[in-house]
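These are the residues of each chain, in order.
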Amino acid sequence: MGKHTDQRDRTLMLARILQEETDDKHPLPLAALVTRLARHGVTAERKSIYRDMAALRKHGLDVIFRAGAEGGWYIGRRTFSHSELRTIIDAISVYRWMPEDQKDALLDKLAAMAPLPQRKSLRRPVSVRRRAAAHPDEVRVAIDRIHAAIQGRKAMSFVPVAYDKGKGRTAVGSRRVITPKGLLWFGENYHLLAWDHRDRTLRLYRPDRMSDVLSTGMPAQGPEADASLWDAAPFGLDPARRERVRLRCCQAIAGEVLDQFGSDAVLVPEGENFTVTADVVVGPRFWGWVAAHADRAAVIAPPWAAKLWQERYQTGESILNHRPKAV
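A few points on the structure.

Cut-offs and rules
Residues numbered from 1 in each chain as written. Predicted model: local features only at pLDDT ≥ 70, side-chain atom pairs only at ≥ 80, totals over all residues. Heavy atoms only, no water. Helix = DSSP H or I, 4+ residues; strand = E, 2+ residues; numbered from the N terminus. Buried < 20%, exposed > 50% of the residue type's maximum accessible area, 1.4 Å probe, protein only. Areas by Shrake-Rupley, 256 points an atom, 1.4 Å probe, with all protein chains shown as cover. Lys, Arg positive; Asp, Glu negative; His and termini not counted. Charge placed at Lys NZ, Arg CZ, Asp CG, Glu CD. Pairing = 2+ DSSP bridges. Expected span 1.5 Å × (residues − 1). Arc of directions from axis to C-beta. Contact = heavy atoms within 4.5 Å. Axes fitted to C-alpha atoms, helices over the stretch in contact; angles between N-to-C directions. Core = buried A, V, L, I, M, F, W, Y, C linked by side-chain atoms within 4.5 Å. Polar contact = N/O pair within 3.5 Å; in protein donor to acceptor, adjacent residues only side chain to side chain.

1. So, the overall build of the protein
Right, on to step 1. Across its full length, the protein carries ten helices and twelve strands.
Right, on to step 2. Principal-axis analysis of the C-alpha atoms places the extent of the protein at approximately 90 × 65 × 40 Å.
Right, on to step 3. A total of 327 residues make up the protein; the buried ones form 40% of that total.
Right, on to step 4. Carbon and sulfur atoms provide 52% of the accessible area of the protein, an area that totals close to 19,000 Å².
Right, on to step 5. Each charge class in the protein can be summarised by its mean position, and for the 52 positive and 39 negative side chains these summaries are 3 Å apart.

Encoded structure:
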């Protein structure tokens, strides 16, 4: 019985050593494995280690042996590659709907999935300006309950809240009953598409402005709704305001245009300027952005939007009237 237990301990210890210390650039030769096992009070012979490696391969561990002076044993394929882990850790580092202590604990756990030689390169500090007025825990609880209602095809209720400079989050109305249809992510915030039982219409809600989210147990109501049809266009989520517009812009704001309209936007040269055509939500955010660049950008299509821009928003000199030079 003791011998069987020793064999099991040795095999499991080898798996742990390989997982924690090796990769393709840091293999461990046989002598190093024997030394590490001895540190844990486990003795091993050459033949027994070869048998253990074969057993680990049989049970799904990608154990690889590389011959040569700098060769040895190492783990090849892992649950997450180094690049995948780095991507996950970078994403969590800038996710603001999580308390910092919980975020740090999660990042440590993720880094521990990589071998020791790689862990230092995984933690890359990023300074994030926290703008959430709601406590992250409250939003995460709301998100969990929203998902539960969607999966269970149930209605839910909440109390709408707003932010008061002196009082913090305060209720701004009575409890509302809704049927959630889907969550969207836009502008670093969650948005919930839901059927409002009182108004009998589809609306968007901000989960960070919902308090005391509860399941009602009532069956889901309202028409089927595809949240993907409400996917964000530049400057908003409202599909009723989505419009294809064309702007003339000066070269100096080409980078800002790509930031706002996306890297797929095509900038067409027009003399010293360029034009860009894109589907955007024509609302206050759109007009505010164009107004902020009034001397460097102008709306030129569709005609109603160009006219509105000239009559209400254009101030001072605008490149709307700058004609491209003849070539």
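2. Observations concerning the pairing of strand E6 (residues 189-196)
Right, on to step 1. The buried fraction of E6 amounts to eight of the eight residues, a majority that puts the element mostly inside the structure.
Right, on to step 2. Burial of the side chains of E6 extends over both faces: Asn189, His191, Leu193 and Trp195 are buried on one face and Tyr190, Leu192, Ala194 and Asp196 on the other.
Right, on to step 3. Pairing of strand E5 (residues 176-186) with E6 involves eight bridges; the strand directions are antiparallel. By the bridge assignment for E6, Thr179 is matched with Trp195.

3. Concerning helix H7 (residues 136-152)
Right, on to step 1. When the terminal C-alpha atoms of H7 are compared, their 24 Å separation across 17 residues agrees well with the 24 Å that a helix rising 1.5 Å per residue should span.
Right, on to step 2. Along H7, the residues that are buried comprise Pro136, Val139, Ala142, Ile143, Ile146 and Ala149. Relative to the axis of H7, the buried residues are bounded by an arc of 145 degrees and lie together on one face. Turned more than 90 degrees off the buried face of H7, the exposed positions are Asp144 and Gln151.
Right, on to step 3. Tucked into the core, H7 has its buried residues touching strand E3 (154-164), E5, E6 and strand E8 (210-219).

4. Overview of the side chain of Gln118
Right, on to step 1. Its place among the elements puts Gln118 in helix H6 (residues 116-122).
Right, on to step 2. Of the residues examined, Gln118 reaches a relative accessible area of 16% and is grouped as buried.
Right, on to step 3. Once residues lying within four places of it in the same chain are set aside, the contact partners of Gln118 are Asp23 and His82.

5. So, the sheet that holds strand E10 (residues 267-270)
Right, on to step 1. Spatially, the four strands line up as an open sheet ordered E10-E11-E9-E12, and their pairing is antiparallel. In this open sheet, the two strands that pair with only one neighbour each are E10 and strand E12 (297-301). Strand-to-strand twist of the sheet, defined as the mean angle between neighbouring strand axes without regard to direction, takes the value 35 degrees.
Right, on to step 2. Judged from the four bridges that link them, strand E9 (residues 242-250) and E12 form a sheet pairing that is antiparallel. Within E12, the residue paired with Arg248 across the bridge is Ala298.

6. Digging into the environment of Arg46
Right, on to step 1. Summarising the element assignment, Arg46 is placed in helix H3 (residues 46-58).
Right, on to step 2. When the C-alpha positions of Arg46 and Val34 are compared, they lie 8.4 Å apart, and in sequence the two are twelve residues distant.

7. Describing the nonpolar core
The nonpolar side chains of a soluble globular protein tend to be buried with one another.
Right, on to step 1. By size, the foremost hydrophobic cluster in this structure holds 25 residues, and its most contacted members are Leu247, Cys249, Val257, Phe261, Val280, Phe286 and Trp287.
Right, on to step 2. Not counting residues up to four positions away in its chain, the partners in contact with Val257 are Cys249, Gly262, Leu267, Phe274, Val276 and Trp289.
Right, on to step 3. Listed in part, the 18 residues of the second largest apolar core include Ala15, Leu28, Leu30 and Ala32.

8. A few points about the side chain of Arg176
Right, on to step 1. Looking at the element boundaries, Arg176 is found in strand E5.
Right, on to step 2. A residue is classified by how much of its surface remains accessible, and Arg176, at 13% relative accessible area, is buried.
Right, on to step 3. A distance of 2.7 Å separates the side chain of Arg176 from the side chain of Asp196, its partner in a polar contact.
Right, on to step 4. Within the local environment of Arg176, its side chain forms a polar contact with the side chain of Asp199, the two groups lying 3.0 Å apart.
Right, on to step 5. Setting aside its immediate chain neighbours within four residues, Arg176 contacts Met156, Ser157, Phe158, Pro160, Asp196, Arg198, Asp199, Arg203 and Tyr205.

9. Points about the environment of Glu70
Right, on to step 1. Following the sequence through the fold, Glu70 ends up in the loop between strand E1 (63-66) and strand E2 (72-75).
Right, on to step 2. Remark: the alpha-carbon pair of Glu70 and His26, spanning 44 residues in sequence, is separated by 8.9 Å.

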